[in-house]
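Commentary on secondary and tertiary structure
Listed below, chain by chain, are the residues.
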Amino acid sequence: MASSANENALRLALFGRAETALGGVDLTPEREVIALFDQLRTPLLRYTASLGVTACDGEDLIQEVFLSLFRHLQLGKPRSHLRGWLFRVAHNLALKYRNTRAKRQAVTVSEPGLAERQIDPETNPEERVVEDQRQRLLMSVLEALPEQDQNCLRLRAEGLRYREIADVLGMSLGAVSNSLVRSLARLNRADAR
Amino acid sequence: MADQTKERGHISDQDLLLFVDAELDLERAHNVEAHLAKCEVCGARLQTLEQTLSEFSVAYRKNSVDSPTEESLARVRLLGQMAETKVSPGGIRRWAPSVYALANRRWAFNAAVIAIAILGVALVYQQFWLTNSGDSIASVQAAPLPLPNLTPGAVADVPGGICLAAPREDASRIPVAERKEVFREYGMDYRHAGQYELDHLITPALGGTDDIHNLWPEPYNSQWNAHVKDQLEDLLHQMVCSGQIDLPTAQRAIATNWIEAYKHYFNTEKPLASYSASDDEDDRATAGS
């Protein structure tokens, strides 16, 4: 109990917010933000990288995204669909970033669509080659798709619901499922070959 | 393939996807379900769609972004910036990237001093958090949602099916050693166990097991508490047994984010009954109505 009282005192000093009577177990905006940060930092970095943001700038961008989430929660705005909300903010910031950078550089350098692939040293080399070839094939099909279709597929791979994807990309639910059906057919054809 | 199915027409790929994501209205969902029960062609197509999606997801998630910043450092930086946003006079100020861009150098200097001071406090705070809990994961302890890495959910087939057997959720049958272990992995003191329900993420009535991966300490004094979750569990159980959704969909919905699932299936933004222990009186008034 003493330690939790201490923690509360510290938190009060830091954030000026009293805890509820039971002490220290309610969800402060800070905790909510950090919980989502731990959960979604990598997926968001991956997504912004796919939109052409470098890893270094991506890190700053993600900080910006979560700070705006913090302000959003502090202002008592809706807490529903926060995952979709985060991807939407990241998406918009990434597009803004891309536009300003394109303007600054007279020539737009084409950005590698995806960052380096993680190599698992544990797997046996032959398995890795076969596995890797298949996955590379899927990734090359992905990169050949129209950008909107790519984004739909990426967001789905990160586990977003179709409704959330529609919200992030400003599309209708029907358009999202159309896009995915198109892309899945392509992936499937590549797979069958 | 039976002519009958042909006449009635197959389900489009689009509808199959929306069906899996529970986005079809009840009537259409019923039709799809009934059709799938009879039509092997559509069943196989659905399977292919789902398989392609999941293979793609696995491949896609292998792509990592080589960030120069470690996650723990990035987290501390975020904590510091949140603290700064909060303590700044006049409430919410412009935040980090704009701070970098400040033209006024004296301003920038002051901001930097404040930021460093706050980062220091945040570090101490973080340290406190960690020492109290013994594990960095515990920085998000006691939330109405479990940590996916500790509690992803676990299911098993129920002999006779969940509708006939209707297994009960009874945390008391879980051995004390396992209960303590759950609290320990969440970095929480078991002596405070009374403030939490040791809850199944996927309720046994939906095929969830007593496995430790399916258990987490759920706080009572939160707006989204165990009592609210019980309502969702009852609803999903009914929906599965009346054929409105299938069991894997229900399990996935409740395991992924039960609060979102509640909002979706009850079509509401707030818990429906007055179980919620929100500290906001207005919230409670609206929720109770």
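Residues numbered from 1 in each chain as written. Chains lettered and ligands numbered in written order. Predicted model: local features only at pLDDT ≥ 70, side-chain atom pairs only at ≥ 80, totals over all residues.

1. Some remarks on the overall build of chain B
Along chain B, the regular secondary structure elements total twelve helices and two strands. Counting from the amino terminus, helix and strand elements in chain B follow one another as α-α-α-α-α-α-α-α-α-β-β-α-α-α. For chain B, buried positions account for 33% of its 289 residues. A separation threshold of at least 6 residues defines the contact pool for chain B, and within that pool the share at least 24 residues apart is 68%. (Helix = DSSP H or I, 4+ residues; strand = E, 2+ residues; numbered from the N terminus. Buried ≥ 20, exposed ≤ 12 C-beta atoms within 10 Å, placed from the backbone. Contact = placed C-beta atoms within 7 Å.)

2. Some details on the packing of helix 2 (residues 29–50) of chain A against helix 3 (residues 55–74) of chain A
Residue and element names in this part refer to chain A. Where helix 2 contacts helix 3, the axes come no closer than 9 Å and their chain directions differ by 145°. Of the two possible hands of crossing, helix 2 and helix 3 adopt the one that is right-handed. Across the interface between the two elements, Pro-29, Glu-32, Val-33, Leu-36, Phe-37, Arg-41, Leu-44, Leu-45, Thr-48 and Ala-49 of helix 2 pack against Ala-55, Gly-58, Leu-61, Ile-62, Val-65, Phe-66, Leu-69, Phe-70, Leu-73 and Gln-74 of helix 3. Across the contact of helix 2 with helix 3, the residue classes tally to 15 nonpolar, three polar and two charged. (Axes fitted to C-alpha atoms, helices over the stretch in contact; angles between N-to-C directions. Left-handed = near helix turned anticlockwise from the far one by under 90°. Nonpolar A, V, L, I, M, F, W, Y, C, P; charged D, E, K, R; others polar.)

3. Concerning helix 10 (residues 226–241) of chain B
Residues and elements named next belong to chain B. The end-to-end C-alpha distance of helix 10, which contains 16 residues, comes to 22 Å, matching closely the 22 Å that a straight helix rising 1.5 Å per residue would cover. Taken together, the buried positions of helix 10 are Ala-226, Val-228, Lys-229, Leu-232, Glu-233, Leu-236, Met-239 and Val-240. The buried residues of helix 10 occupy one face: seen down the axis, they fall within an arc of 145°. Exposed and facing more than 90 degrees away from the buried side of helix 10 are Asp-234 and Gln-238. Turning to helix 10, the residues buried within the fold contact helix 8 (161–165), strand 1 (196–200), strand 2 (215–219) and helix 11 (247–266). Following helix 10 by one or two positions, Gly-243 has its phi on the positive side, about 80°. (Expected span 1.5 Å × (residues − 1). Arc of directions from axis to C-beta.)

4. Quick notes on the pairing of strand 2 of chain B
Residue and element names in this part refer to chain B. Among the five residues in strand 2, five count as buried, and that is most of the element. Where burial is concerned, the two faces of strand 2 agree: the one with Leu-215, Pro-217 and Pro-219 and the one with Trp-216 and Glu-218 are both buried. Relative to strand 2, strand 1 runs antiparallel, the two sharing five bridges. Bridged to Leu-198 within strand 2 is Pro-217. (Pairing = 2+ DSSP bridges.)

5. Regarding unusual backbone geometry
All names here are of chain B. Of note in the backbone geometry, Ala-22 takes a positive phi value of approximately 55° without being a glycine. Relative to the elements of secondary structure, Ala-22 occurs in the loop between helix 2 (13–20) and helix 3 (26–38). Accessibility expressed as a C-beta count within 10 Å gives 21 for Ala-22, which makes it buried. Positive phi is not limited to glycine here, since Asn-267 has a value of about 50°. Here Asn-267 shows up in the loop between helix 11 and helix 12 (281–288).

6. Digging into the nonpolar core
In terms of nonpolar packing, the biggest core is built from 60 residues, with Leu-44, Val-65, Phe-66, Leu-86 and Ala-90 of chain A touching the most fellow members. In terms of residue count, the dominant contributor to this core is helix 2 of chain A (nine residues). With sequence-adjacent residues up to four places away left out, Val-65 of chain A is seen in contact with Leu-44, Leu-86, Val-89, Ala-90 and Leu-93 of chain A. Of all hydrophobic cores here, the second largest spans 27 residues; its members include Phe-183, Tyr-186, Ile-245 and Ala-250 of chain B. (Core = buried A, V, L, I, M, F, W, Y, C linked by C-beta atoms within 7 Å.)

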